[in-house]
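Coordinate inspection notes
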Amino acid sequence: MISKDFFIFIIKRKFAIMLIFLLLAIIGYYTSNSITKDIFPNVYFPRVEVAIENGYTPTKQMLLEITKPAEESLKTVQGVEKIVSKTSIGSTEINLYFNWSTNPFTAYQLVLARVSELKNVLPPTAKVVVRQATPSMYPIGIYAIGSDAKSQTQLTDILYYKIKPLIISLPGVYDLEIKAPQWQEFHVVIDTDKLNSYNISLDYLKSVIYDQTKIDFLGITEMLNKQYVITLYQKPDDVYKLLDVKIPLSGGRYINLSEVATIINSKYPSRSISGFSHAKNAVVFNILRQPDADTTTVIQNVDSQIESINKSLEKEGIRIYKSYDSSVFIKESIKSVRDAIVLGSIIAVLILFIFLRKLKLSFATLLTLPVVFFITIIGIKILGLDFNLFSLGGMAAAIGGLVDHLIIVIENIDRHLKMGKDKLNAIIDGSREILPIMTAATLISTLVFLPLLFVPGVVGVFLKQLGLVLVLTYIVSQIAAIFLVPIVAYMLLPNSFKSQEDFISRLEKRYETFLERLFKYDFVSLPLILIIALIGFLLFRVIPTTFLPKWDEGSFVVDFTLPAGTPLEESYKTAMEMGKILNSIPEVKSWTLRIGTSLGHVVKQPNIGDFLVVLNENRTRSIFDIEDEVRKKIEAKFNNLEEFDLPQVVEDRLADILGEEAPISVILYGYDPDKLVKYGFKLRDLLREKPILTEVNLKTAFTSGEIRIRLKTEAQSIYGLNLNDLYQQLYNAYWGNVVGNIVYGEKIINLRLISIDRQQFLNPENVKIYSPAVGRFIPLSQVAGVSYMTNVPEITHYNLSPVAVITVRFKGNDMSKAVKVVSQTIQEANLPSDITPVISGFYKQQQKSFKSLMLVILAALTLIGIFTMILFVDTKITVSVLLAVILTLTGVLTALFITGKPLDITGLIGMLIVLSIVINNNVLIFDFYKNAAEEKLEKRILYATASRFRPITMTMLSNAFAMLPIALAIGSGTQILQDLAISMIGGLIFAIFLNLLIIPMFFHFLSRIVSKS
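What counts as what
- Residues numbered from 1 in each chain as written.
- Predicted model: local features only at pLDDT ≥ 70, side-chain atom pairs only at ≥ 80, totals over all residues.
- Heavy atoms only, no water.
- Helix = DSSP H or I, 4+ residues; strand = E, 2+ residues; numbered from the N terminus.
- Buried < 20%, exposed > 50% of the residue type's maximum accessible area, 1.4 Å probe, protein only.
- Lys, Arg positive; Asp, Glu negative; His and termini not counted.
- Charge placed at Lys NZ, Arg CZ, Asp CG, Glu CD.
- Pairing = 2+ DSSP bridges.
- Axes fitted to C-alpha atoms, helices over the stretch in contact; angles between N-to-C directions.
- Contact = heavy atoms within 4.5 Å.
- Salt bridge = Lys/Arg side-chain N within 4 Å of Asp/Glu carboxyl O.
- Parallel < 35°, antiparallel > 145°, perpendicular 65-115°, else oblique.
- Nonpolar A, V, L, I, M, F, W, Y, C, P; charged D, E, K, R; others polar.
- 1 Å grid on protein atoms, 1.4 Å probe; cavity = no way out; pocket = protein on both sides within 12 Å on 5 of 7 lines; lining within 4 Å.
- Points joined across faces, edges and corners; volume = space filled by probe spheres on them.
- Domains from an automatic or database assignment.
- Patch = residues over 30% accessible without salt bridge, like charges linked within 9 Å, V, L, I, M, F, W, Y side chains within 5 Å.
- Areas by Shrake-Rupley, 256 points an atom, 1.4 Å probe, with all protein chains shown as cover.

Here's the deal with the overall build of the protein
- For the protein, the count of helices and strands is 29 helices and 32 strands.
- By its C-alpha atoms, the protein is 130 × 80 × 50 Å across when sized along the principal axes.
- Sorting the 1013 residues of the protein into buried and exposed places 58% on the buried side.
- The distance from the centre of the 100 positive side-chain charges to the centre of the 91 negative ones in the protein is 6 Å.

So, the sheet that holds strand β17 (residues 588-595)
- Reading across from one edge, β13-β17-β18-β16-β19 is the order of the 5 strands in this open sheet, with antiparallel pairing throughout. With partners counted over all chains shown, the strands left at the sheet margins are β13 (273-276) and β19 (643-645), one partner each. Direction aside, neighbouring strands of the sheet carry axes that sit 15° apart on average.
- Pairing between β17 and strand β18 (residues 608-615): 7 bridges, direction antiparallel.

Looking at the sheet that holds strand β14 (residues 281-289)
- Spatial ordering of the open sheet is given by β6-β14-β5-β15, a layout of 4 strands whose pairing is antiparallel. A single partner strand is all that each edge strand has here, and the edge strands are β6 (173-179) and β15 (318-325). Each strand of the sheet is rotated relative to its neighbour by a mean of 25°, with strand direction disregarded.
- Across 7 bridges, strand β5 (residues 141-147) lies against β15 in antiparallel orientation. The residue bridging I142 from the neighbouring strand is Y324, located in β15.
- Across the face of the sheet, helix α8 (residues 295-313) comes into contact with β5, β6, β14 and β15 while running at roughly 160° to β15.

Considering the pattern of salt bridges
- In the structure shown here, the tally under the stated rule is 32 salt bridges.
- Note that R131 is salt-bridged to E49, the shortest N-O span being 3.1 Å. Here R131, found in strand β4 (residues 127-132), pairs with E49, found in strand β1 (residues 47-53); they are 82 residues apart in sequence, far enough to count as distant. E49 shares its class with R131; the two are buried.
- One salt bridge connects K164 with D175, and the closest N-O pair in it is separated by 3.6 Å. Highlighted residues: K164 in helix α5 (residues 152-168) and D175 in strand β6, separated in sequence by 11 residues.

Looking at the packing of helix α7 (residues 202-211) against helix α22 (residues 723-734)
- Packing of α7 against α22 leaves a shortest axis separation of 9 Å and a crossing angle of 70°. Classified by the angle between their axes, α7 and α22 sit roughly perpendicular to one another. Of the residues in α22, those in contact with L202, D203 and K206 of α7 are Q728, Q729, N732 and A733.
- When its residues are assigned to classes, the contact of α7 with α22 shows 2 nonpolar, 3 polar and 2 charged.

Some details on the layout of surface pockets
- Of the voids in this model, the second largest pocket is the one considered here, and its volume is about 1100 Å³.
- Here the element with the most residues in the lining of the second largest pocket is helix α18 (residues 623-637); it accounts for 6 residues.
- Classifying every residue of the lining of the second largest pocket by side-chain character gives 17 nonpolar, 9 polar and 15 charged.
- Taken domain by domain, the lining of the second largest pocket gets at least three of its residues from each of domain 3 (504-551 + 842-1012) and domain 4 (555-699 + 802-841).

Re the pairing of strand β26 (residues 768-771)
- Taken together, the 4 bridges between β26 and strand β27 (residues 776-779) define a ladder with antiparallel strand orientation. Counted as the bridge partner of I769 is I778 from β27.
- Following β26, the chain reverses through 4 residues before pairing antiparallel with β27; G775 in that reversal takes a positive phi of roughly 70°.

Let's talk about a nonpolar patch on the surface
- Side chains of L19, L22, L23, I26, Y29 and Y30 sit close together on the surface and give an oily, nonpolar patch of about 600 Å² of accessible area.
- Relative to the elements of secondary structure, L23 occurs in helix α2 (residues 14-32).
- You can call L23 partly exposed: its relative accessible area is 45%.

Topic: unusual backbone geometry
- Positive phi is not limited to glycine here, since A180 has a value of about 60°.
- You can call A180 buried: its relative accessible area is 4%.
- Phi is positive for N225, close to 65°, though the residue is something other than glycine.
- The residue N225 is located in the loop between β8 (215-223) and β9 (226-233) in this model.
- Owing to a relative accessible area of 82%, N225 belongs among the exposed residues under this scheme.

Below is the structure:
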């Protein structure tokens, strides 16, 4: 019991204490500006991506020379639980997933160390990029530099040499990432017929040009007391002067390079390209932030710098456009949740006024709420948390508990005032009576969230922030209830109570009379409890389940795959036609295009691309309706698409974080990649026939075809050609060889030797190869065999085992039903015995999360039971309290069923929050029962329930209706928390019925039976 002197002490120092709370609130307010803001928690994930690029190396060669050595080496890195690789032409992408107990920084360092060893066994031309899964790997803004007059090559130069240095110097910017840069090159274009007529080999010509672009150190000398470095500087100042280079011929003759070649200004043979909706030529670039930088601040700084840059670019007909801005959704989401908190607080206080009829006290409570929230923000800063949908969701969900703490103390003080006590004694007695047991109840409420700390994986990371913020708010509100509420009551309550009966008092009396009558039929509580439990069980079985709710974030991705082998230019042409369809939709604000690369991947095939489509903010149609229109129009016009997918941006990022590709994935395990792809297509086609399923795609498909050239065994003995000679000549002919470079300032431009006669290369058998033995050019068919491979499969490995991955989305919100359809279809497919199908995707994460959260709820109930027994040392009370909290879950499920919402992880968290609030009220009811002066059982129960009637109905209704703005999904950010709010409203309203009728009847029945026995 708290001492009477304690309350006298704080009331005497009321202004000092209020000033302390006010100062802490001000500190919290200013602290809030320094806390980073994002959609998801700003944490490092135990995943490391290793991307290896090696030109257009064939898939099989990539697998043998790069993927397998890399996989086998990286799999042995300490802590790696899963390794996923995808091998295609010229690219290998390996994702390492570590145990969640592994420090992400340690994991990254271990991978870097292993990659440094691995480089010794990889081809020297292979480029390796290692990326840690941090918030900085995802673009916070996507821009495009565009012009109708300048080429993409010119735009790339301006972007790289002029703009990038300015942007990356801004605070918080990690990098400016150019997607699909088009680098300038000078092409030395050879006339092969003239070259053949002079009997000059490409290798010889290459060595001549290379010698004319060298800079070599010769030595040092001193002249007039100064030291000079002597160099052989053969590199020309003007590239076109190379055309005057003399090429020695046999017989002491010479010709100029200009007689067999010309030089043109061209570009590097890139395997990727980008585009923008509002410019003829454009290069897309991403802004990446530092891990601890605030997204909104960084975007503001970048926009300010770009505005200044645009003024200087305007005269050149160039402009930088902003297409995607993640800070818009972040700000809108945070604003929506903040507004929902404010509106919910007002609603809660309005209910308080209806019950207490004290305007000043209600208004003071309204002012106290932001004080508590701002002080909570100090705790958020100290714990290193940030503002995101989950942490703010914790604050929103805590409105109920916060108001609960304030209302309970105020109402109890008011109750003592009605007993005829003077104001000071009413405050002291009311506070002394309620605060100790309320503190114990708050302790139990916070312990309910303790098991959340042990939830593994990404879901655990997200929910820990929600739970921690909620607990922080509970603790701060409890401190405010102890120190601040008695002061507020002392300053605002009247000196004495004026007797007047309001409608709540009349309702209390009627309730007490009604409950007393019900005690005669207390045995009815047993079948009622069984019926409620049965309804809850049936609802749990029939309510659809899913992983996360769907939300409208205002932008989406259009992933597409054209037939294997589609050249980059043709892919770009087709994609721009798709862009016209996107432009025809009124809600589309802008789009950026990437082909041969993507939002989340460094390298893709030239037939694979994506659009990031940004919608107008003021629109009447939802993103889902717009996606349906896009899907119908594009599929109607382009019926040759191998893959077509429409995820939202944040959903796409979440999939990347989780290591899953779609809501549902079917992974086919086997040993033969060709066979896996073959049956993958078969299963894909069967799944596409199911009405509930949509966007069914085979992610492991075919790449470009191959023309395989094999040197004949007699080639060297007859024609003097070895394998290296053949390789060098064909490589020069088909790809071109970099034979040097030209330097303009700090700009280095490569020289590439290529052939002008591309027609002869359409038929490889007719390509002319120089034979050293016969001293002339001969057809390739004389020295090598040529074979054609039209279908070359990509190779995907899960833990070094070949797989084919099929991704599936579904209509509606019933993931469990969609999974059943997928399972049935797999059975119908009659896959061979050596192919094993496994269902994965978000569904797998959902199963893990549901299992973990069910264990959390079970652990919470166990903790409630243990601490209730410790608190009351009464089995009857413990059983009644456990029944009260368990049966409340039926109210949660009923609300989801009525609103047509699925049960997802946010709904399960809603259940947990309901438990934390309901236990509070039950503890207080039974504390009043234990301390009742009456001896008769009925009178004690009636005293406890009647005394708690007003605060229970008041707190439950205020808690429930405080969540109404989120339940109605007012604003974009509240949609992800909508199911949580609906769960809470259903559970809390149903708890009124349970706590005031069913549980008192049951406890009366149980006590009566026990006393008789």
